Amino acid sequence: MIRSMTEGNITKHLLLYSVPLLMGNLLQQLYHTADSVIVGRFNGKEALAAVGAAGPIMNILIFLIVGISLGTSVLMASFFGGGKLKTLKEELATALVSGGIFTGILMVLSFAGSGLFIRLTQTPEDIEQMATLYLAIVSLGLPFTYLYNIFSSALRSIGESRVPFYVLVAATVTNIVLDILLIGSFHMGVAGAALATISSQAVSAFASFVYIQARVPMLRLTFGDLKINAGLLKDTIDYSLVAGVQQTVLYLGRILVQSGVNTLGIDAVAAFNAASITDNYILAPGDSLAAALTTYIAQNNGAKKRARIIAGVKRMLVIMFCYIAFATIVIFTHAGVFIGLFLEKAETNALELGVKYLTLMACFYILTTICQTFQGFFRGVGELKITLIATFIQIPIRVAGTYALLGVLGIQAVSVGVGIGWAVMSVYELWSYRGWKRRTAGQSEG
């Protein structure tokens, strides 16, 4: 359903739009979780650690792609909010062609350099070969990942967040079924997990394309439409480059943190992987709410409705706070249950490490209320440089804090580093928001 959020109840728009995003975000987490749970159960903690070691590298590649999609989505939502439907379609075509070329280059580099990338993260030698194999195979699915993300971004920019979720349901079911078949029945280990992942990505890309061509004339493209508009390309690069660099810096920081954790041994790597997956699930709703706010803000920015933008930010802060308070209580009371999903009861040391890490992380979750809300806001108004600076602030703090305390606190050093980084990032974003309000105080309402 096409949804214009420039009129009507703000809270209702944000919640109705964000629910499919949330469900989709959780399903995307299942891609990696299914691989980790099934590989860990059938092939042991070494295979689990191998998938975890390859994860941060793959995430850098994926979030370069997401950066392109994010920048494009902001532009498309703004064009939609301003009623510029022809420009919206031209932007989609420009992004498909230019982003497709970029993704192809990424795929080749990742496949050819998978062994080098794994070694650079100081992955333990006994899992290095498995991690390299997993990364090499998953790299081949990057074009499918890009196509799904760009089509989903186009749909979400016009307020349609349900269809991308339905597509992900089909893809996730495909991934889990193939995981069980290839890993459990055919004993293919990490290779089976990787093949299941790229197959599910192909399903999501194909289904999204078919839906747009059949049901959304506003976004429907013919072969002749696939042209690069030079003016839009510049804007797309400006927006996407900042978003892509931000995501790269974020995940480069995670790789550096993973490298530090890797030096602590297999138990620490397995515990950190299990706890990080759980952590991702907990933060996924905040990411989805921030994405909903981005589209809401972009549409209203295109329609020049400043007062509605500010009201949306306030509503989202309240929504975020309520969720985070609930999530923190759940982690404090059930951390052991979550970590136990990934590790056998006999792995007592790894289980204990994972629970301690996750419980400490929960102490800092409240800071994400500010971080995620204002990331969504600044993306929506097109000030992606502020989101980039915020990331540049928090990532060095996260990495430095981790390495400084690693010898004393073990993997709990990561929690402390992340918490301090979030705190400083929150201060910067609040200060920047105040500046935006001053600069736009005289803006006329549409």
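Structure: above.
All values reported here derive from a predicted model rather than from experimental measurement.

**Notes on a nonpolar patch on the surface**
Move 1: A surface patch of nonpolar side chains, about 330 Å² in accessible area, is lined by L181, F186, M188 and L195.
Move 2: A relative accessible area of 30% means that L195 is categorised as partly exposed.

**Observations concerning the state of the cysteines**
Here a disulfide denotes one covalent bond, and it connects the sulfur atoms of two cysteines.
Move 1: Using the criterion set out here, one finds zero disulfides in the structure.
Move 2: For the unlinked cysteine C371, the closest cysteine sulfur is that of C363, found at 16 Å.

**So, the packing of aromatic side chains**
Move 1: A full pass over the atoms with the stated rule returns 10 aromatic pairs.
Move 2: With a centroid separation of 6.0 Å and 40° between ring planes, the pair formed by F151 and F209 is classed as tilted. Remark: F209 occurs in helix α7 (residues 189-215) and F151 occurs in helix α5 (residues 142-157); sequence separation between them is 58 residues.
Move 3: Take F209: its relative accessible area is 38%, and that puts it in the partly exposed class.

**Overview of the side chain of T368**
Move 1: By secondary structure assignment, the location of T368 is in helix α12 (residues 368-380).
Move 2: If sequence neighbours within four positions are ignored, T368 has contacts with L283, I324, T373 and W422.

**Overview of unusual backbone geometry**
The phi angle of most residues is negative, glycine excepted, and most peptide bonds adopt the trans form.
Move 1: Notably, H187 is not glycine yet its phi reads approximately 55°, a positive angle.
Move 2: Note on placement: H187 falls in the loop between α6 (162-185) and α7.
Move 3: In this structure H187 comes out as exposed when scored by relative accessible area, which is 62%.

**A few points about the packing of helix α8 (residues 230-262) against helix α13 (residues 384-409)**
Move 1: Closest axis-to-axis distance for the α8/α13 pair is 9 Å, and the angle between their directions is 5°. Classified by the angle their axes make, α8 and α13 are roughly parallel.
Move 2: Residue composition of the contact of α8 with α13, by class: 16 nonpolar, eight polar and three charged.

**Notes on the pattern of salt bridges**
Move 1: Going through the model one piece at a time under the given rule, you end up with six salt bridges.
Move 2: The salt bridge involving E160 is made with R162; its shortest N-O contact spans 3.9 Å.
Move 3: Accessibility expressed as a relative area gives 3% for E160, which makes it buried.
Move 4: E383 serves as the salt-bridge partner of R439, at 2.9 Å between the closest nitrogen and oxygen.

**Topic: the side chain of T387**
Move 1: Locating T387 in the fold gives a position in helix α13.
Move 2: For T387, the side chain forms a polar contact with the main-chain oxygen of L384, separated by 2.6 Å.
Move 3: In this structure T387 touches Q246, Q375, F378 and R379, once residues within four positions along its chain are discounted.

**Topic: the nonpolar core**
Move 1: Among the nonpolar cores identified, the biggest contains 124 residues, and L219, Y365 and F377 are the most heavily contacted of them.
Move 2: Element by element, the count of residues in this core is highest for helix α1 (residues 10-81), at 27 residues.
Move 3: The contacts of Y365, once residues within four sequence positions are left out, are D279, I282, L283, I324, T328, I331, L358 and W422.
Move 4: Residues L70, V242, A243 and L388 belong to the second largest nonpolar core, which totals five residues.

**A closer look at the environment of A230**
Move 1: Structurally, A230 can be placed in helix α8.
Move 2: Under the relative-accessibility criterion, A230 is labelled exposed at 60%.
Move 3: Between the C-alpha atoms of A230 and T94, which are 136 residues apart in sequence, the distance is 8.4 Å.

**Quick word on the packing of α5 against α7**
Move 1: Relative to each other, α5 and α7 sit at 35°, their axes nearing to 8 Å. Read as a crossing pair, α5 and α7 show a hand that is left-handed. Judged by residue contacts, F144, T145, L147, Y148, F151 and L155 of α5 engage I198, Q201, A202, S204, A205, S208, F209, Y211 and I212 from α7.
Move 2: Classifying every residue of the contact of α5 with α7 by side-chain character gives 11 nonpolar, four polar and no charged.

About the criteria used
Residues numbered from 1 in each chain as written. Predicted model: local features only at pLDDT ≥ 70, side-chain atom pairs only at ≥ 80, totals over all residues. Heavy atoms only, no water. Patch = residues over 30% accessible without salt bridge, like charges linked within 9 Å, V, L, I, M, F, W, Y side chains within 5 Å. Areas by Shrake-Rupley, 256 points an atom, 1.4 Å probe, with all protein chains shown as cover. Salt bridge = Lys/Arg side-chain N within 4 Å of Asp/Glu carboxyl O. Buried < 20%, exposed > 50% of the residue type's maximum accessible area, 1.4 Å probe, protein only. Disulfide = S-S within 2.5 Å. Phe/Tyr/Trp six-rings, centres within 6.5 Å; stacked < 30°, edge-to-face > 60°. Helix = DSSP H or I, 4+ residues; strand = E, 2+ residues; numbered from the N terminus. Contact = heavy atoms within 4.5 Å. Axes fitted to C-alpha atoms, helices over the stretch in contact; angles between N-to-C directions. Parallel < 35°, antiparallel > 145°, perpendicular 65-115°, else oblique. Nonpolar A, V, L, I, M, F, W, Y, C, P; charged D, E, K, R; others polar. Polar contact = N/O pair within 3.5 Å; in protein donor to acceptor, adjacent residues only side chain to side chain. Core = buried A, V, L, I, M, F, W, Y, C linked by side-chain atoms within 4.5 Å. Left-handed = near helix turned anticlockwise from the far one by under 90°.

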